Amino acid sequence: MSMIPSRFLREGRQLPSELEEARVEIEALAKGYGLDFFETIFEMCTYEEINMIASYGGFPTRYPHWRFGMEFLQMQKSYEYGLSKIYEMVINTDPSYAYLMDCNLVVDQKLVMAHVFGHVDFFKNNLWFAPTNRRMLDQMANHATKIRKIMDRHGQTEVEAFIDVCLSVENLIDPYAPHIQRQRAVSEAQVEQAELDRTVSKIPAKPYMDRHINPPEFLKAQKKKKQEELQKMKSFPESPERDVLGFLIQHAPLKRWQREVLNVIRDEAMYFAPQGQTKIMNEGWATYWHTKMMTSHILSDSEVIDYADHHSGTVHMTPGRLNPYKLGVELWRHIEERWDRGRFGKDWLDCDDPRIRAKWDTEAMQGRDKIFQVRKTHNDITFIDTFLTPDFCEEQGFFTSRFEPRTGRWIIDSREFQAVKAQLLNMLATRGTPRIYVLDANAYNRGELLLQHPHEGLDIQLDWAAQVMKNLVHLWGRPIHLDSVIDGKPVRLTHDGTSFEQQTHEALQKPSEEKGESTRDSA
């Protein structure tokens with residue numbers, strides 16, 4: 001404990017001796033099972049303190065803004081009315097900090113500590129968390145200092161109003177940006193060189209075979225391909241850009257302090273992105289390990305009833321809602337059982353006799369190794385796509401539902417595996433948030449911003465779209481256009497800062513023609 005910075009351990013907030021002994025025991029158990037985690041520091045908090053920390057997203061050092069106070073009051077009322085209760089909170093840093101509510105039962109504190117070690121193991125070893133800043137607690141403090149200095153120079157009201165604008169578009173990022181480079185850097189010199197180069201690529205051939213190896217139709221196709229490539233290089237951006245926030249930081253006509261604030265918002269949004277991408281896996285992994293350690297080693301006879309009561313509340317699946325704890329832990333157990341019994345590989349896949357499959361057990365006992373391997377490389381989408389099986393869906397009673405307008409009720413639509421899997425993957429791919437791309441930063445050759453919403457089954461909410469587009473006008477300085485589909489018809493939504501328009505747009509079927517008017521001039 002001597003390594004812990006004093007500023008994070010307020011007087012009287014160290015673990016009491018009973019819990020410190022439990023922490024040492026649970027940490028040893030976790031390491032014995034093969035969990036590999038950062039140093040984990042636990043701190044006791046009152047319910048008011050833990051609500052405060054939770055309202056800041058786990059980082060009490062964040063920048064000042066009224067929304068954190070609003071979220072604190074919501075959590076406070078929810079706790080006081082008995083509607084919700086925060087058992088634990090842990091943040092992805094090195095060392096990791098976990099907060100325990102001091103009024104919880106001792107058995108709850110043990111459960112939470114076992115759960116936390118599972119989370120920290122996941123943070124440290126899952127590749128989707130690898131690019132995250134492990135010193136984010138300090139970075140958040142730096143952000144707060146920067147924002148306060150900007151408020152001192154430009155006034156709290158103006159800066160908070162700008163932060164409000166930025167927060168309305170904080171989800172318009174590319175969560176895969178740290179893992180893949182989508183855009184290539186194209187200079188003006190390269191564009192000019194491509195314009196001057198009139199040669200057409202030909203397949204090397206002897207003179208007498210040239211007209212057979214490179215016929216006129218082939219040369220025509222190569223010329224067309226080269227023109228399309230040149231047009232793509234001239235486009236701005238060259239290809240649809242999902243990281244709208246990053247694009248605005250680079251190209252929007254912002255003041256220096258505004259660009260710094262927008263950078264802070266994007267930096268923090270990118271930090272939290274992997275938690276959304278791995279919610280099912282992460283919560284399932286932590287739940288798997290706390291159940292394993294609690295039921296096998298930690299619980300005393302007098303604690304079993306309380307543990308069962310509180311654990312069942314955690315994994316309870318409410319009708320119509322997906323519980324990531326329940327789905328995650330059950331799928332981890334399913335994977336372990338499959339690999340323990342050898343239910344994988346060609347022989348298993350080729351077997352179509354249900355009687356043989358039901359009794360299949362090669363005693364491979366590879367389950368524990370497999371779940372550690374999966375924990376390292378997957379996110380929720382690949383986790384579900386790779387390991388969800390018809391047997392699992394049948395065991396868990398999964399089905400899809402739809403709203404029946406004639407009766408005004410939700411009804412079961414299908415229990416078919418492919419339908420269930422497709423709906424789960426669609427939910428995880430969008431998470432209720434539309435994917436928006438920058439299509440053209442010089443629409444109509446007037447420096448206006450054209451965005452695109454690829455329709456994925458759900459129409460965009462027009463009232464929300466209007467407000468977000470108004471805020472984008474504030475950032476971009478020119479009218480904003482959004483191509484989408486409403487009621488099955490392609491439309492273009494436009495906001496110029498004062499009025500919002502919706503019109504059908506036939507040219508949506510030919511986006512490349514309109515993009516042909518673009519230049520690479522920055523707005």
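The rules we used
Residues numbered from 1 in each chain as written. Predicted model: local features only at pLDDT ≥ 70, side-chain atom pairs only at ≥ 80, totals over all residues. Heavy atoms only, no water. Helix = DSSP H or I, 4+ residues; strand = E, 2+ residues; numbered from the N terminus. Polar contact = N/O pair within 3.5 Å; in protein donor to acceptor, adjacent residues only side chain to side chain. Contact = heavy atoms within 4.5 Å. Pairing = 2+ DSSP bridges. Axes fitted to C-alpha atoms, helices over the stretch in contact; angles between N-to-C directions. Phe/Tyr/Trp six-rings, centres within 6.5 Å; stacked < 30°, edge-to-face > 60°. Lys NZ or Arg CZ within 6 Å of the ring centre and 35° of its normal. Buried < 20%, exposed > 50% of the residue type's maximum accessible area, 1.4 Å probe, protein only. Right-handed = clockwise from strand over helix to strand, strands pointing away. Expected span 1.5 Å × (residues − 1).

Participant: Lay out the side chain of S96 in plain terms, naming residues and giving numbers.
Facilitator: Looking at where S96 falls in the secondary structure, it is placed in strand β3 (residues 96-101). Among the polar contacts made by the side chain of S96, one reaches the main-chain carbonyl oxygen of I91 at a distance of 3.4 Å. Apart from the residues lying within four places of it in its own chain, the contact partners of S96 are F38, E39, T40, I41, I91 and V120.

Participant: Describe the sheet that holds strand β2 (residues 88-90), with residues and values.
Facilitator: Across the sheet, three strands lie side by side as β1-β3-β2; this open sheet has mixed pairing. Edge strands, defined here as strands with exactly one partner in the open sheet, are β1 (40-45) and β2. Put simply, the sheet's adjacent strands are angled 20 degrees from each other on average, direction ignored. Sheet topology places β2 next to β3; three bridges connect them, and they run antiparallel. Counted as the bridge partner of E88 is L100 from β3. Against the sheet, helix α4 (residues 106-125) touches β1, β2 and β3, its axis set at about 25 degrees to β2.

Participant: Got a sec to walk through the packing of aromatic side chains? Specific residues and values, please.
Facilitator: Applying the stated criterion across every chain, the model contains 27 aromatic pairs. Aromatic rings pair up to connect Y33, W285, Y288, W289, W332, W339, F344, F372, F383 and F387 into one cluster. Directly above the ring of W348 sits R357, whose terminal nitrogen or CZ lies 4.0 Å from the centroid.

Participant: Tell me about the pairing of strand β8 (residues 480-486), and please be specific about residues and values.
Facilitator: β8 sits mainly inside the fold: six of its seven residues count as buried. Relative to β8, strand β7 (residues 448-452) runs parallel, the two sharing four bridges. Residue pairing in the sheet places L449 in a bridge with I480 of β8. In this region the chain leaves β7, passes through helix α21 (residues 462-476) and returns to the parallel neighbour β8; the handedness of that crossover is right-handed.

Participant: Pulling in residues and values, what's your account of helix α3 (residues 66-80)?
Facilitator: Its 15 residues place the ends of α3 21 Å apart at the C-alpha level, agreeing with the 21 Å of an ideal helix rising 1.5 Å per residue. Of the positions making up α3, those classed as buried are R67, F68, Q76 and S78. As for α3, its buried residues are in contact with α2 (47-55) and α6 (156-167). G82, located one to two residues past α3, shows a positive phi value of around 75 degrees.

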